[in-house]
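# Coordinates in review
Read off the chains here:
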Amino acid sequence: MIRRDALDQLPVRTALPALRAALDGPGSAVLCAPPGTGKTTSVPLDLAGLTGEGPVRRVLVAEPRRMAARAAARRMAWLLGEEVGTGAAPAQGWGPVGFTVRGERRAGPRTTVEVVTTGVLLQRLQRDPELAGVDVVVLDECHERHLDADTSAAFLLDVRETLRPELRLVAASATTDAEGWARLLGGAQGAAPVVEATGVSHPVEVVWAPPERPVRPAHGTRVDPTLLTHVAGVVRRALRERTGDVLCFLPGVGEIGRVAGELAGVDAEVLQVHGRAPAEVQDAVLAGGNGVRRVVLATSVAESSLTVPGVRVVVDSGLARVPRTDHARGLSALTTVRASRAAARQRAGRAGREAPGAVYRCWAEGEDGRLPAFPDPEIRVADLTAFALQAACWGDPAADGLALLDAPPAGALAAAREVLTAIGAVDGAGRATERGVRMARLGLHPRLARALLDGAPEVGVRRAAEVVALLSEEPPRAYGDDLASAWRTARRGGDAYGARWRQEARRLASAAGEPRGGSAAAGEPRSGSAAAGEPRGGSGAGADGGRGAGAQLTDDAVAGLLAALAFPERVARARRKGSYLMASGTGAELAGAQAGEGHRPGSSGPGDGSGLRDAEWLAVAVADRPVAAASARVRLAAVIDEETACAAAPALYASGEEVRWSEGDVVARRVTRLGAIELAARPLTAPDPGPLRDAVVSGLRREGLGLLRWPAAAVSLRQRMAFVHRELGAPWPDVSDAALLDCVEEWLGVELGRARRRADLERVDAGQALARLLPWATGDAARFDELAPERIEVPSGSRVRVDYGGAQPVLAVKLQELFGWQESPRVAGGRVPVLVHLLSPAGRPAAVTADLASFWRDGYRSVRAELRGRYPKHPWPEDPSAAEPTRHTSARLKRG
């Protein structure tokens, strides 16, 4: 029996007439409805005609998370007075509301509203682009901008345009970029209608509760413990000041555990909800309490599409954890960021679902306006390998024909295509191969799909499926960092992870064992089962083992092979204990025995807490690179040998001559490598001249021109050439370091052809080579000594060297040698006066002038008076312009 009273209380119902009109007209709409208004549960029922209004239609609702999909379906069934059901399908079939998530389906022919995850929706679109029988698709919580949701929207718009213009689309969210989604859904016909549901179920009071003392900003996955202690204190405060259950948002599982420990002893039941929590725990939280007050500690999984019964208070830490991908290294890292204002509104809305509530925000009100408006779209920051394969299977490898709010970054998409090409999922033009289509239908990341398809014939379908199931959802840290050991733990474990792992392993075994024409979607078990049946033989391997040598492989060898097949660029060889170099060139460190790392206590050095620490080779399955860290941190790996590493990564295996500049000299070797890992090397006695020359040039450019020999004459020549270039320009060459290194072949070509090592460069006279750059071809080189003379003859007859090392040429000469010289010398064709440094008879500076005539007239008198007393034996005529220049004393002059 329909619960009319509950439906009629939902504010979104006032917007239903406008929404129906929009769908009956343009066929698409954006629904903006605040949290708690019933957009997730009431709207699909109404559009399906299950509330008694409008025609009966089949509605597909896409949710971003499995937890949200199950909860939404159960809530809708409750509103209709029915249940979604559990166990085997009833004889009469499932009821009007059902759900499908990976590995679980509760839907059948009688189902009118089906809630699915966006991943399941993508699988259906690839298998059946027309979505036969579906009349309306609702994309819920589109503001979260998950990659699968954005991709699904693009595919659905393509379907509407080319195959099914009558298919109706609704983009629904509590906080979203309504204008952007309206333009996207409307396409060439103009923006789609935006339908708004005003009001909320109940008011929510905002309480600002910042820490009293400053806390350190989150860094990577590290959150200041002071903040977590403060959050726990705010939860205790909320329990004192308010009634009802408390829902507290934290960034991750580690923080949930820390705050749960801080709340020991509170007069309430403390529950932990996150993506890895058992379905029974999630369902129990959503089912409501039994009279005991509750504190629910949750990650962002509880932000959307859920009503947690009894919650009247939300405590928001203000943090969220998001993935960031290092495309150059092929590694991802979880990073803690400030939650967006949109997320904060979603979180606050959880407190007003059933009654007036309050949200305690653990930051200052003044900081609120500085928070980002929306979270980063996943397409900008995520690994795009799966997206690129979906686009290729859709027939748009470049993804430039897809209607996306944000285009995929070119670099990330190129990196994804490289991976897909390497595993045979796409051809040279980026089109999906038959193998790639099969990979896409497995409901796995393409890397894991490759491991399953290529590993099954070697080790058997069942064993391959079990290992890949472990890789598809990282095991709990308590399982340790050894993949084979984690596999054994999962087999015998009775925990929630073990149950999910067994279910996924059965699904994958069935999918891998199917013939290629199989019709079941890999992501969707047949109706009425928690997973598809037991493995069937296929791909030439037995379901319960491998064939030939594969049947004899140990669990450790199987785990290593599968991990290496999935991540060939992450096979790694030890550099020292606990430290490895991966084939990608990135270093990797085993985690130490730290709290929460899942390693043994009492260890001290890197990797001392890991059972992998003595392995020579590893296949790294899970690794991240913390912010600002030089090396990756190994989370899960398996021991392998060199043969397995090379077999799993044949594209990275190479052997050849390497001639390069390394550690200050030329190194010439024949090297065998697996990516960046050096497997073997021996010296080359007669390296090829071309690479040898390149290595010498590389060394010269890396270490600079100081490798050459620079006698005084070479330094002087370079200074003179620099002066002429500075004053006259072309055709006189630039002889700066950058310019000389840029044209090194032009002036050092002969010497480079003879050089074999650093010592050969150190014997090269740079001046002789530098002279080759003078403009001999134009004839200007003949004027070089005239324009920048190395020496200038002064009146005494001496030829004095000119210093061109400064901003102006300098002639340093004893004052008496210039008697009778009326004008200062000039160079560069008379353009530049030489700066004359007048020296005493002892060679000490006495005066500086660029105008001798002026000095003789105005400055000489005072200099004469000072020096005459110091050097009485030298001539100091009153009229220097008419005196005889000399290098000698007065007595010497008289003797002639």
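Structure: above.
So, a few notes on the structure that sits alongside this text. (Residues numbered from 1 in each chain as written. Predicted model: local features only at pLDDT ≥ 70, side-chain atom pairs only at ≥ 80, totals over all residues. Heavy atoms only, no water.)

### Looking at the overall build of the protein
Helices and strands together make up the secondary structure of the protein, namely 31 helices and 31 strands. Sorting the 896 residues of the protein into buried and exposed places 54% on the buried side. Sequence-distant contacts, at least 24 apart, represent 67% of the contacts inside the protein between residues at least 6 apart. Summed over all atoms, the accessible surface of the protein reaches about 37,700 Å², with 50% contributed by carbon and sulfur. (Helix = DSSP H or I, 4+ residues; strand = E, 2+ residues; numbered from the N terminus. Buried < 20%, exposed > 50% of the residue type's maximum accessible area, 1.4 Å probe, protein only. Contact = heavy atoms within 4.5 Å. Areas by Shrake-Rupley, 256 points an atom, 1.4 Å probe, with all protein chains shown as cover.)

### Notes on the packing of aromatic side chains
What the rule picks out here adds up to 10 aromatic pairs. Considering the side-chain rings of F155 and W394, the 4.1 Å spacing of their centres and the 5 degrees angle between planes classify their relative orientation as stacked. Pair noted here: F155 is in helix α6 (residues 147-162) and W394 is in helix α14 (residues 385-394), with a separation of 239 residues, a long-range link. Here the two residues F155 and W394 agree in accessibility, since each one is buried. The lysine or arginine in question, R570, covers the ring of F567, its NZ or CZ lying 4.2 Å from the ring centre. (Phe/Tyr/Trp six-rings, centres within 6.5 Å; stacked < 30°, edge-to-face > 60°. Lys NZ or Arg CZ within 6 Å of the ring centre and 35° of its normal.)

### A short note on the pairing of strand β13 (residues 311-316)
Judged by how many residues are buried, β13 sits mostly within the fold: 5 of 6 residues are covered. Summarising the sheet, β13 and strand β16 (residues 357-361) pair through 4 bridges and their orientation is parallel. What sits directly across from V313, in β16, is A358. (Pairing = 2+ DSSP bridges.)

### Remarks on the sheet that holds strand β10 (residues 245-249)
Taken together, the 6 strands give an open sheet; going across it, the order is β9-β16-β13-β10-β12-β11, and neighbouring strands pair in parallel fashion. Lying at the two open borders of the sheet, with one neighbouring strand each, are β9 (204-208) and β11 (269-273). Across this sheet, the average inter-strand angle for adjacent strands is 20 degrees, counted without regard to direction. Bridging between β11 and strand β12 (residues 294-298) involves 5 bridges; their strand directions are parallel. Bridging across to β12, L271 finds its partner in V296. Docked against the sheet, helix α9 (residues 253-262) engages β11 and β12, running at close to 175 degrees with respect to β11. (Axes fitted to C-alpha atoms, helices over the stretch in contact; angles between N-to-C directions.)

### Side note on the packing of α6 against α14
Interaxial distance between α6 and α14 falls to 11 Å at its minimum, and their mutual angle equals 10 degrees. Put simply, α6 runs roughly parallel to α14. Touching L147, T151, F155, D158 and V159 of α6 are F387, Q390, A391 and W394, all from α14. Taken together, the residues of the contact of α6 with α14 sort by class into 6 nonpolar, 2 polar and 1 charged. (Parallel < 35°, antiparallel > 145°, perpendicular 65-115°, else oblique. Nonpolar A, V, L, I, M, F, W, Y, C, P; charged D, E, K, R; others polar.)

### Things to note about the pairing of strand β17 (residues 571-576)
A regular strand places its side chains so that they alternate between the two faces of the sheet. Here 3 bridges tie β17 to strand β20 (residues 617-624), and the two strands are oriented antiparallel to one another. Following the sheet pairing, A572 is matched in β20 by L618. Here β17 pairs with strand β18 (residues 579-582) via 4 bridges, running antiparallel. The partner of R573 across the bridge, within β18, is L581. Where β17 folds back onto β18 in an antiparallel hairpin, the turn is made up of 2 residues, including G578, whose phi is positive at roughly 80 degrees.

### Brief notes about the nonpolar core
Counting 105 residues, the largest nonpolar core has L121, V137, L156, F387, L402, L452 and L483 as the members making the most contacts within it. Each residue touching L156, except ones within four places of it in the same chain, is listed here: L121, L125, L131, V137, L139, L167 and L169. One finds W661, V666, L684 and A766 within the second-largest nonpolar core, a separate group that totals 65 residues. (Core = buried A, V, L, I, M, F, W, Y, C linked by side-chain atoms within 4.5 Å.)

### Brief notes about helix α15 (residues 410-422)
Counted at 1.5 Å a residue, the expected span for α15 with its 13 residues is 18 Å, and the 18 Å between its end C-alpha atoms agrees. All of the buried residues in α15 are A412, L413, A416, V419 and L420. The buried residues of α15 all sit within an arc of 120 degrees when viewed along its axis, so they share a single face. Exposed and oriented more than 90 degrees from the buried face of α15 are A410, G411, E418 and A422. (Expected span 1.5 Å × (residues − 1). Arc of directions from axis to C-beta.)

### Side note on a negative patch on the surface
A grouping of E616, D641, E642 and E643 is seen on the molecular surface, where their side chains present a negatively charged patch. Within the secondary structure, E643 is located in helix α22 (residues 642-648). For E643, a relative accessible area of 64% gives the class exposed. (Patch = residues over 30% accessible without salt bridge, like charges linked within 9 Å, V, L, I, M, F, W, Y side chains within 5 Å. Salt bridge = Lys/Arg side-chain N within 4 Å of Asp/Glu carboxyl O. Lys, Arg positive; Asp, Glu negative; His and termini not counted. Charge placed at Lys NZ, Arg CZ, Asp CG, Glu CD.)

### Quick notes on the sheet that holds strand β22 (residues 653-662)
Backbone hydrogen bonds are what pair the strands of a sheet, in a parallel or an antiparallel way. Strand order across the open sheet formed by 3 strands is β22-β23-β24, with antiparallel pairing between neighbours. This sheet does not close on itself; its edge strands, each paired only once, are β22 and β24 (677-683). Neighbouring strand axes in the sheet, compared pairwise and without regard to direction, differ in orientation by 35 degrees on average. As paired strands, strand β23 (residues 665-674) and β24 are joined by 6 bridges and run antiparallel to one another. Across the sheet, the residue bridging to R669 is P683, located in β24. On the sheet, helix α23 (residues 689-703) packs against β22 and β23 and is oriented at approximately 45 degrees with respect to β22.

### Re the environment of R124
Here R124 shows up in helix α5 (residues 118-127). Placed 317 residues apart in sequence, R124 and R441 show a C-alpha to C-alpha distance of 9.3 Å.

### Topic: the packing of α5 against α14
The contact between α5 and α14 brings their axes to 10 Å, and the two run at 25 degrees. With respect to α14, the element α5 is oriented roughly parallel. Of the two elements, α5 crosses α14, and the hand of that crossing is left-handed. Each of L122, Q123, L125 and Q126 in α5 lies in contact with α14, whose residues at this interface are Q390, C393 and W394. Of the residues belonging to the contact of α5 with α14, the class tally is 4 nonpolar, 3 polar and no charged. (Left-handed = near helix turned anticlockwise from the far one by under 90°.)

### A short note on the pattern of salt bridges
Applying the stated criterion across every chain, the model contains 62 salt bridges. Two residues, E53 and R13, come together in a salt bridge whose shortest N-O distance is 3.6 Å. On the criterion of sequence distance, the pair formed by E53 in the loop between α3 (42-47) and β2 (59-63) and R13 in the loop between α1 (4-8) and α2 (16-24) is long-range, its members being 40 residues apart. Here R145 makes a salt bridge to D150, at a shortest N to O gap of 2.8 Å. Comparing R145 with D150 shows no difference in burial state: the two are buried. Beyond isolated ion pairs, a larger network of salt bridges with shared partners links R462, R463, E466, R491 and D555.

### Notes on α9
Residues of α9 that are buried include every one of E255, I256, V259 and A260, and no others. Buried residues along α9 cover an arc of 140 degrees about the axis, so they all sit on one side. More than 90 degrees from the buried face of α9, the exposed residues found are G254 and G261. Buried-residue contacts for α9 involve α8 (225-241), β11, β12 and β14 (319-326).

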